Amino acid sequence: MGYHHCMIVIEFKLKGKAQQYRVIDEMIRAAQFVRNKTLKYWIENQGCKLVDLYKQCAIMAKEFEWAGKLNSMARQASAQRAIFAIQRFFANCKAKKPGKKGFPLFKKHTRSVEYKTTGWALSADKRCLTFKDGFAAGKFKLVGSRDLHYYAPDEIKRIRVIRGADGYFAQFCINVERKEESVLTGEAVGIDVGLNHFYTDSNGDTVPNPRYLRKSAKALRRAQKRVSRKKKGSRNRKKAVNELGRKHLKVSRQRKDFAIKTALCVVKSSDFVAYEDLQVKNMIKNRKLAKSISDAAWSQFAQWLEYYGKVYGKIVVAVPPQYTSQNCSGCGNLVKKTLSTRTHICGCGTVLDRDHNAGRNILAKGLKQAAINLNTVGHTEINAFGQSDLYLLVAASTSKSTD
Ligand SMILES: [Zn+2]
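The rules behind the values
- Residues numbered from 1 in each chain as written.
- Predicted model: local features only at pLDDT ≥ 70, side-chain atom pairs only at ≥ 80, totals over all residues.
- Heavy atoms only, no water.
- Helix = DSSP H or I, 4+ residues; strand = E, 2+ residues; numbered from the N terminus.
- Buried < 20%, exposed > 50% of the residue type's maximum accessible area, 1.4 Å probe, protein only.
- Contact = heavy atoms within 4.5 Å.
- Areas by Shrake-Rupley, 256 points an atom, 1.4 Å probe, with all protein chains shown as cover.
- Expected span 1.5 Å × (residues − 1).
- Pairing = 2+ DSSP bridges.
- Donors = N, O, S within 2.8 Å, 3.2 Å for Na, K, Ca; no water.
- Tetrahedral: all angles 85-135°; square planar, octahedral: opposite > 155°, others 65-115°.
- Phe/Tyr/Trp six-rings, centres within 6.5 Å; stacked < 30°, edge-to-face > 60°.
- Salt bridge = Lys/Arg side-chain N within 4 Å of Asp/Glu carboxyl O.

Participant: Would you mind going over the overall build of the chain with me for this structure?
Facilitator: Across its full length, the chain holds 10 helices and 14 strands. Expressed as a percentage of its 403 residues, the buried residues of the chain come to 44%. Residue pairs at least 24 apart in sequence account for 70% of intrachain contacts in the chain once pairs closer than 6 positions are excluded. When the accessible area of the chain is evaluated, it comes to approximately 22,300 Å², of which 54% is carbon and sulfur surface.

If you want it as structure tokens, here you go:
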């Protein structure tokens, strides 16, 4: 079993009436007010303690109507923001950081308010969120592709309500001790990412690039053009810039979703995953938009592979990308290819799709690399890599991680 303690953030768009959004604006303003007021009190009462600041929150609630409307824990969360800023300032001073120490400033454009475990409720089907404090913003529909059903209500530790470029959002911060039973499959896989397919694995299976990413790339390009055509400083340009911001957000959300789903699927179906070290690959800069979108999708995919590897107690290794496409996965000989050569043909009789060949090389490299790692922690007996040995290798490493 793999143990992993982590904070998961699941974001939804909040769908409500225009008037309800204005209420959220008020909630955010109240949070900012509390934060700034706390900071002011601290500046005027040097040497005061944390407890004093929390006491101030309660006093503020009685003194100012709108501060009183905000849920008491949300009020404290706002005060905490000021306190964190103060503490960070002191830490910087203590560490004798050169330059600005980051003296806490009064905020004017706060975009979010944070609720803890009270002041809100989820509907039974967990598709609606209702705010229940003095502001009474009411019920919002949660729009998003993720599911809250998977988590126990007491695992939701905070909800951050955010005013974004394209609407209002709720981020659920979920604290989970993930104890996923790792079902060993006996499978090992090497993964080659590319432009033709999102990835091709060492078994020759492919996952296509999601079509919406290409569609979004087009929409992005159009929005970018619109911005450049508008006169600088004009209202229309401002509008176009806003539109572009919204398109960017949409792409990044789609990409994240895709990366999470794909990585989870890979980790669940294999005990050992080797992938190309994309950071190295990404150093080759490419100005093409479609390519840059794929690059970002790949690096997110890699991050989630690593993450789920920990959660499920599987081995995930990044291997350097050199020669993975040029070498023969059958005999190891160098078979030079240009970018347009789609098939790998070697004198040894190996004929494979180019990416399939690369996937197999990546797997072999990864296994070799993992063996070196295992050797250093005292598993020298494992050095052959049939599937049954691999099973052993995975079992050895997971039992270690739960010691
Ligand atoms: Zn060969």
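Read on for the rest.
Participant: Looking at this structure, I do not really get helix α5 (residues 211-229). What am I missing?
Facilitator: The periodicity of an α-helix, 3.6 residues per turn, causes residues three or four places apart in sequence to face the same way. Here α5 spans 28 Å end to end across 19 residues, near enough to the 27 Å set by a 1.5 Å rise per residue. Along α5, the residues classified as buried are Leu213, Ser216, Ala217, Ala219, Leu220, Ala223 and Val227.

Participant: Any chance you could explain the pairing of strand β11 (residues 272-276) here in plain terms?
Facilitator: When a strand is regular, its side chains alternate between the sheet's two faces. Counting buried residues along β11, five of its five residues qualify, which places the element largely inside the surrounding structure. Residue alternation in β11 divides its side chains into two sets, Phe272, Ala274 and Glu276 and Val273 and Tyr275, and both sets are buried. Taken together, the four bridges between strand β8 (residues 188-193) and β11 define a ladder with parallel strand orientation. If you follow Ile191 over to β11, its bridge partner there is Tyr275. Note: β11 against strand β12 (residues 315-319), five bridges, orientation parallel. Each bridged residue has a counterpart across the sheet, and for Ala274 the counterpart in β12 is Val317.

Participant: I keep staring at the coordination of the zinc ion and nothing clicks. Help me out?
Facilitator: Coordination angles at a metal have ideal targets, namely 109.5 degrees for four tetrahedral donors and 90 or 180 degrees for six octahedral donors. Coordination sphere of the zinc ion, protein contribution only: Cys328 (SG), Cys331 (SG), Cys346 (SG) and Cys348 (SG), at 2.2 to 2.3 Å. One can describe the donor arrangement at the zinc ion as tetrahedral, given that its four donor atoms subtend angles of 105 to 113 degrees at the metal. Donor residues binding the zinc ion come from one chain and are separated in sequence as C-x2-C-x14-C-x1-C. Relative accessible area serves as the criterion here: at 2%, Cys328 is assigned to the buried category. Look at Cys331 and you get partly exposed, because its relative accessible area is 38%.

Participant: I would appreciate a short explanation of the packing of aromatic side chains in the present structure.
Facilitator: Each aromatic ring pair is summarised here by two numbers: the centre-to-centre distance and the angle between the ring planes. Inspection of every chain in the model, using the stated rule, returns 20 aromatic pairs. Centre to centre, the rings of Tyr199 and Phe301 are 5.8 Å apart; their planes meet at 15 degrees, and the pair counts as stacked. Here the residue Tyr199 occupies a position in strand β9 (residues 199-201), and Phe301 occupies one in helix α8 (residues 289-312), the gap between them amounting to 102 residues. Across this residue pair, the class does not change: Tyr199 and Phe301 are buried.

Participant: Sorry, what's going on with the pattern of salt bridges here?
Facilitator: Side-chain pairing between opposite charges can occur once the charged atoms of the two side chains come close. A complete count under the given rule lists 12 salt bridges for this structure. When the shortest N-O distance is used, the salt bridge between Arg163 and Asp25 registers 2.8 Å. Placement of the pair is Arg163 in strand β6 (residues 156-164) and Asp25 in helix α1 (residues 18-44), with a sequence separation of 138 residues. For Asp25, a relative accessible area of 11% gives the class buried. Between Asp271 and Lys314 there is a salt bridge, with its nearest N and O atoms 3.8 Å apart. Within this pair, whereas Asp271 is found in the loop between α6 (235-269) and β11, its partner Lys314 is found in the loop between α8 and β12, the two being separated by 43 residues in sequence. The same class applies to Asp271 as to Lys314, namely buried. One salt-bridge network, held together by shared partners, links Glu11, Asp166 and Arg253.

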